[in-house]
Amino acid sequence: TISRWTLLRLAVDQGWADGDEAQKADALVTRVLEMVAPSVRRVPDESEIADVLHDAIESTFNAQAEDGSVEEISRTILRLRAECSAGNVANALVYVQQQASSLDASQGREDEAGEAEEVVVAPAPAPLPIIDEDGFETVQRRRNPRRACAP
């Protein structure tokens, strides 16, 4: 799930970590897997996993995930862990396979020669500036919902 995350794949492919991107991405995956391993005493909640993902993307890859993908990945990881803990490994595998096939279908298509076309994902457009009645641009604070409720 994490390794198919579009933002992480772009960060690795485009070299956003100033070297060793693949190794840094693998370290992120390992860190999250250690958080949800069957041997952990306390299962983290969605916000804890989201914090790790946000922090890694921001500090390691110099990017920001503001599209809800971090929260979606966190929910998916916890859902898969719950399925596996309940003994429903087959359900978890089916879910992963469905997600992989739907992502593959949306990420690229094969041309007539059978080669996959490269798909370029453009960043989301920046929000329009807010101009007050005097003609000055209002500076907006960046809203960061994951830090709103500190323990």
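Residues numbered from 1 in each chain as written. Predicted model: local features only at pLDDT ≥ 70, side-chain atom pairs only at ≥ 80, totals over all residues. Heavy atoms only, no water.

A. Main features of the overall build of the chain. Secondary structure summary: the chain contains 5 helices and 2 strands in total. Taken from the N to the C terminus, the helices and strands of the chain come in the order α-α-α-α-α-β-β. Looking at the chain residue by residue over its 151 residues, the buried ones come to 25%. If you take every contact in the chain between residues at least 6 apart in sequence, the share linking residues at least 24 apart comes to 55%. Accessible area of the chain: about 10,900 Å², with a carbon and sulfur share of 51%. (Helix = DSSP H or I, 4+ residues; strand = E, 2+ residues; numbered from the N terminus. Buried < 20%, exposed > 50% of the residue type's maximum accessible area, 1.4 Å probe, protein only. Contact = heavy atoms within 4.5 Å. Areas by Shrake-Rupley, 256 points an atom, 1.4 Å probe, with all protein chains shown as cover.)

B. Spotlight on the packing of helix α3 (residues 46–61) against helix α4 (residues 69–85). Where α3 contacts α4, the axes come no closer than 9 Å and their chain directions differ by 130°. As the angle between them shows, α3 and α4 are arranged oblique. Our pair here, α3 against α4, has a crossing hand that is right-handed. For the pair formed by α3 and α4, the contact residues are Glu46, Ile49, Ala50, Leu53 and His54 on the first element and Val70, Glu71, Ile73, Ser74, Arg75, Ile77 and Leu78 on the second. Its residues assigned to classes, the contact of α3 with α4 comprises 7 nonpolar, 2 polar and 3 charged. (Axes fitted to C-alpha atoms, helices over the stretch in contact; angles between N-to-C directions. Parallel < 35°, antiparallel > 145°, perpendicular 65-115°, else oblique. Left-handed = near helix turned anticlockwise from the far one by under 90°. Nonpolar A, V, L, I, M, F, W, Y, C, P; charged D, E, K, R; others polar.)

C. Expanded view of the pattern of salt bridges. Applying the stated criterion across every chain yields a total of 2 salt bridges. A salt bridge links Arg75 to Glu46; the shortest N-O distance between them is 3.2 Å. Of this pair, Arg75 sits in helix α4 while Glu46 sits in helix α3, and the two are 29 residues apart along the sequence. On the accessibility criterion, Arg75 (44% relative accessible area) is partly exposed. Classification of Glu46 as partly exposed rests on a relative accessible area of 27%. (Salt bridge = Lys/Arg side-chain N within 4 Å of Asp/Glu carboxyl O.)

D. A look at helix α2 (residues 21–35). Between its first and last C-alpha, α2 extends 21 Å over 15 residues, near the 21 Å set by a 1.5 Å rise per residue. The complete set of buried residues in α2 reads Glu21, Ala25, Leu28, Val32 and Met35. Projected onto a plane normal to the axis of α2, the buried residues spread over an arc of 80° and lie on a single side. Residues Gln23, Asp26, Leu33 and Glu34 are exposed on α2 and point more than 90 degrees away from its buried face. Lining the buried residues of α2 we find α1 (6–14), α3 and α4. (Expected span 1.5 Å × (residues − 1). Arc of directions from axis to C-beta.)

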